[in-house]
Amino acid sequence: MPQKILAGRAADPQLRGDLVQVKVDQVILSRAPSRALAEAIATGMKKTPVEVAVAYDGTCVADASSLADIDEGSPHSVSPEFPTYNIPIARPGIGFPAPVHLERFAAPARLALTDDPRLATVGGIGMLSLVVSPSQLGQALATGSAWLRPPRSVQIHLSGRVRPFVCARDVALELLRRNLDEVVRRIEGEHHAPVILEFAGPSARLLSVGDRAVLCGIAPQVGAAAALFVSDEKTEVFLRDQRRSKAHRALVPDPGAPCEEVVSIDLGTVDPLLMDEDGVVRPVRDLAGKPVAQVVLGGDSGVTLRDMLAAALLLKSKRVPSRLDLLVAPPSRQVLEVLAQSGALVDLVATGARIIEPDRRVVTSEIYPPPPGGLSLRTADPEPRIAGTPSFVVASAETLAYAVATGAVGDPRSFKRPVRVTVPRALPTDDVLILRDKKGEQVSTKRPPTAPSAVPWKGPLTLDVLAGVPKLNGRAAVGAHGRKAPATLEAAPAVADDKAQAAPAGGVALVLSTLDEVRAVAERATDLSAVRAVVAPFVPSTAVSAFASEGIATFLVGAEALGSIKDQKSVELPAPAQWGDRVAAVFGSERVEVAWLATGMERSWTHAGTLRQPPSAAKPAR
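Quick summary incoming for the structure in this document. (Residues numbered from 1 in each chain as written. Predicted model: local features only at pLDDT ≥ 70, side-chain atom pairs only at ≥ 80, totals over all residues. Heavy atoms only, no water.)

Along an α-helix, residues three or four positions apart point the same way, because every turn accommodates 3.6 residues. Burial of helix α2 (residues 33–42) is extensive: 8 of the 10 residues sit out of reach of the surface. All of the buried residues along α2 are Pro-33, Ser-34, Arg-35, Ala-36, Leu-37, Ala-38, Glu-39 and Ala-40. If you follow the buried residues of α2, they end up packed against β2 (26–29), β3 (52–56) and α5 (134–143). (Buried < 20%, exposed > 50% of the residue type's maximum accessible area, 1.4 Å probe, protein only. Helix = DSSP H or I, 4+ residues; strand = E, 2+ residues; numbered from the N terminus. Contact = heavy atoms within 4.5 Å.)

Here we come to the pattern of salt bridges. Oppositely charged side chains can form a pair if their charged atoms are brought close together. Inspection of every chain in the model, using the stated rule, returns 38 salt bridges. Between Asp-12 and Arg-16 there is a salt bridge, and its shortest N-O distance comes to 3.2 Å. Look at Arg-16 and you get exposed, because its relative accessible area is 57%. Between Glu-260 and Arg-152 there is a salt bridge, and its shortest N-O distance comes to 3.2 Å. Remark: Arg-152 occurs in strand β8 (residues 152–159) and Glu-260 occurs in the loop between α9 (233–241) and β11 (261–266); sequence separation between them is 108 residues. The class of Arg-152 is partly exposed, set by a relative accessible area of 32%. Here the residues in one salt-bridge network are Arg-31, Asp-116, Arg-118, Asp-300, Glu-383, Glu-523 and Arg-524, joined through shared partners. (Salt bridge = Lys/Arg side-chain N within 4 Å of Asp/Glu carboxyl O.)

To continue, consider unusual backbone geometry. In this model, Leu-15 sits at a positive phi of 55°, which is unusual for a non-glycine residue. Tracing the chain through its elements places Leu-15 in the loop between α1 (2–7) and β1 (20–23). Unusually for a residue other than glycine, Lys-416 sits at a positive phi of about 75°. With respect to the secondary-structure elements, Lys-416 resides in the loop between α14 (397–406) and β19 (434–435).

Bridge count for strand β22 (residues 531–536) against strand β23 (residues 553–556) is 4 bridges, and the pairing is parallel. Opposite Val-534, over in β23, you have Thr-554 as the bridge partner. When β23 meets strand β26 (residues 590–596), the two strands line up antiparallel, connected through 2 bridges. Bridge pairing links Leu-556 to Ala-595 in β26. (Pairing = 2+ DSSP bridges.)

Here it is in structure tokens:
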């Protein structure tokens, strides 16, 4: 299915070559919207030609720091200039980007580019969403096209029916428990191409679009580029309920279409599961009886409207235990209105719940972090698990409801009688918090954001070596003195303070050990301006492209050499003209051959320090 979506938009429908140019239907800006806009303006954009482009302003809880970011034009802020470029702004309070986009903008059989891995959930409607860098987003906004690696597919065959008190979140955790990440890593290593999860089988068509979205949300955690479901009658009903019937297109795989591997799962064998604070998926009964201090119901993934209604019914007439804090974060404004109209919101408030705003910092635990020494249960997918980040337990909404009812972890099947939930078909669809351009209305007098200057590779280079993900708070910023700093990333990242602690003239090479470390660096590459190279035993292809477009070289190193190079203080790299598939790098006094993972045009992007083209060279999509 992903190949069908790309082939219909590619300059070469056969998808031959290391990279192919494809037309982009949607651009979704969430993590660094102003940086992407700056890149597009630098490329010469006047109005974006893409079908749908949306910038999500996820800062609902304003504080001095967030207001300063807006005033200073931080890359992570949403510039008021967006609507003048045909890019609407989803204002604070509309909800988390992933569920809102699924409801109001996502369309089957389309291609979307985004800077937020959590947007993988839109694959539940049959839309292919790929994570790229702000530079690539700027190119897509300006020209309507992008260069992408042709993907490979792994099919996940679903059969059987889930039992009572087993939710889509439990099925997603079961897939993680079956080491799907090892399958993705092996196929990536063989083909050097993005891997996309395709859900198929008789049970795939029985799932609601919301449940499908929950399953697609696991893609980033296993190193996959995206996940995708078919677009069928369930999808058509979902769009009809959203009053967007015209957006429907059928999407099914061709008979006998090849895939690299098939992973089968019988939904009837799945039990209530949880992911513990160490990232290990276990049956709920393993932690039964353990006291719970905090429950966060909702968020941007792992929960559907049906799950929220079920949790409210299970907690009706219950009371929150004295030592437990129940926070409810409705995924979207639409879900909030339905909860209010059905009376479920009143039931939750009567239980003792606190309704919190859908601020982007809720899912990253920057606000409402897990209490020290207490257990926190949440439905949302965790951020990349690296040292120093807040940890919590991930479970289904019904498992969370049992924890609230009893004050401890337990199997939700102990409720004995499952609730009957009816999801309303008449849904509120008023896009009151979507800010669009109005003719004759002056949006802003501020200057539009400007893109940073490219830093090309010139001659041989000596880089400081830093093991792990650096802090970005100035005290342990990337720099000459950051080498011995703890390899962690604080929950509230800020741009590294180069004045307080200057980076070395050559820059920094990060040596990363795990997929989560690679994900954390890729998501924050715009903040790590001193980073020039990434060395790791596994880097997903999408991250390689994203790093290359920012001028960061990505190298593959064997696990056996990883331990020794971590302890080195510097690495010497030869001049770019001497780089090939293998590069002879000198870590301290040790010579190590590393594989350069960039391919085709990505190599020229790396050497130039950017993929940005001057306005005269930018061409619109065909």
